[in-house]
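Results of the structural survey
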Amino acid sequence: IPGGSYKIGSAEDEQLKKPDERPQKEVKISPFYMAEIEVTWDEYLAFYSATAAEGRSTDTEGTRTDADIDAITGPTPPYGQPDQNWGLGERPAITMTHFAAETYCKWLSQVTGKTYRLPTEAEWEYAARGGTQTPFFFEGDPKDFGEKSFFAGLFGKSSNLIDKYIIYTGNSQAKTETPDKVEPNPYGLINMLGNAAEYCSDWYAEDAYQKLTDGVTDPKGPATGEEYVVRGGSFRSTVGEVRSASR
């Protein structure tokens, strides 16, 4: 992803904006790499199989420190069918914790010799926008698309522009989809908006943007918090929840 500057957050006149997306601040982003698609079940299960063979698991007591965790610690075995019986393969891996996602990155770094990590919130939004400053990376405002009925989505009758790029409540048939169902954004990234929500490395704070300095380079969010930032919306999300600025 090429470096550059953009305004993080939603514009004052953006439809369906939320208070935690304001005020907009100018942010500078250094070049970085991002996967073209969401982590697939094929990729995540390679991690699960390799680490399960080591006989290791995450801390089941809910406590952890970085010193306690190495790069081959495996995820706790899931209860039930983690893909909700929708299918594995290239569908996005879902139902894991933020900790498991971080551990996957550590494992992938170890086995490849390259550094993998979750993106910061500022990097995520920069990549999702693909060089745009509009509500979506394609033309149109949220209210242009409206909320389609359940039956329109169920029978595939909707034809809005949004359907070309986003899997959301209006077209998802209540489940995730494979990346070939939509087209990429200007940076070549697929399913940044919708399909499955994505973890960022930042702690979440409602007033995070209020505390940003205009023109800051590569911000990393609050030093502490109670939950991590989740971006991008999912197959259950409404139009307003899959805007590029939605947190």
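Definitions and cut-offs
- Residues numbered from 1 in each chain as written.
- Predicted model: local features only at pLDDT ≥ 70, side-chain atom pairs only at ≥ 80, totals over all residues.
- Heavy atoms only, no water.
- Salt bridge = Lys/Arg side-chain N within 4 Å of Asp/Glu carboxyl O.
- Helix = DSSP H or I, 4+ residues; strand = E, 2+ residues; numbered from the N terminus.
- Buried < 20%, exposed > 50% of the residue type's maximum accessible area, 1.4 Å probe, protein only.
- Expected span 1.5 Å × (residues − 1).
- Contact = heavy atoms within 4.5 Å.
- Polar contact = N/O pair within 3.5 Å; in protein donor to acceptor, adjacent residues only side chain to side chain.
- 1 Å grid on protein atoms, 1.4 Å probe; cavity = no way out; pocket = protein on both sides within 12 Å on 5 of 7 lines; lining within 4 Å.
- Points joined across faces, edges and corners; volume = space filled by probe spheres on them.
- Nonpolar A, V, L, I, M, F, W, Y, C, P; charged D, E, K, R; others polar.

**Here's the deal with the pattern of salt bridges**
Evaluated as defined, the whole model comprises nine salt bridges. Residue Glu-177 is joined to Arg-91 by a salt bridge in which the shortest nitrogen-to-oxygen separation is 4.0 Å. Here Glu-177 is found in the loop between helix H5 (150–154) and strand E3 (198–203), whereas its partner Arg-91 is found in the loop between helix H1 (41–52) and helix H2 (98–112), with 86 residues between them in sequence. You'll find Glu-177 and Arg-91 in the same group, each marked buried. A salt bridge links Glu-121 to Arg-231, with the nearest nitrogen and oxygen atoms 2.7 Å apart. Residue Glu-121 is found in helix H3 (residues 121–129), and its partner Arg-231 is found in strand E5 (residues 228–231); the two are separated by 110 residues along the sequence. Each of Glu-121, Glu-125, Arg-129, Arg-231 and Arg-247 takes part in one network of salt bridges that share partners.

**Description of H2**
Helix length check: H2, at 15 residues, gives a terminal C-alpha distance of 21 Å against a target of 21 Å (1.5 Å per residue), a fit within 8%. Of all the positions in H2, only His-98, Phe-99, Ala-100, Ala-101, Thr-103, Tyr-104, Cys-105, Trp-107, Leu-108 and Ser-109 are classed as buried. Among the structural elements, H1, E3 and E5 are those in contact with the buried residues of H2. Positive phi appears at Gly-113, one or two residues downstream of H2, with a value of about 80°.

**Details of the side chain of His-98**
Within the secondary structure, His-98 is located in helix H2. One polar contact links the side chain of His-98 to the main-chain carbonyl oxygen of Cys-200, over a distance of 2.9 Å. Contacts of His-98, omitting those with residues within four sequence positions, involve Leu-118, Tyr-199, Cys-200, Ser-201 and Tyr-228.

**Section: the layout of surface pockets**
Approximately 1000 Å³ is the volume attributed to the largest pocket. Of all elements in the fold, only H1, H2 and E3 reach the threshold of two or more residues within the lining of the largest pocket. It is H2 that provides the largest number of residues to the lining of the largest pocket, a total of four residues. Of the residues that constitute the lining of the largest pocket, the class distribution is 26 nonpolar, two polar and six charged.

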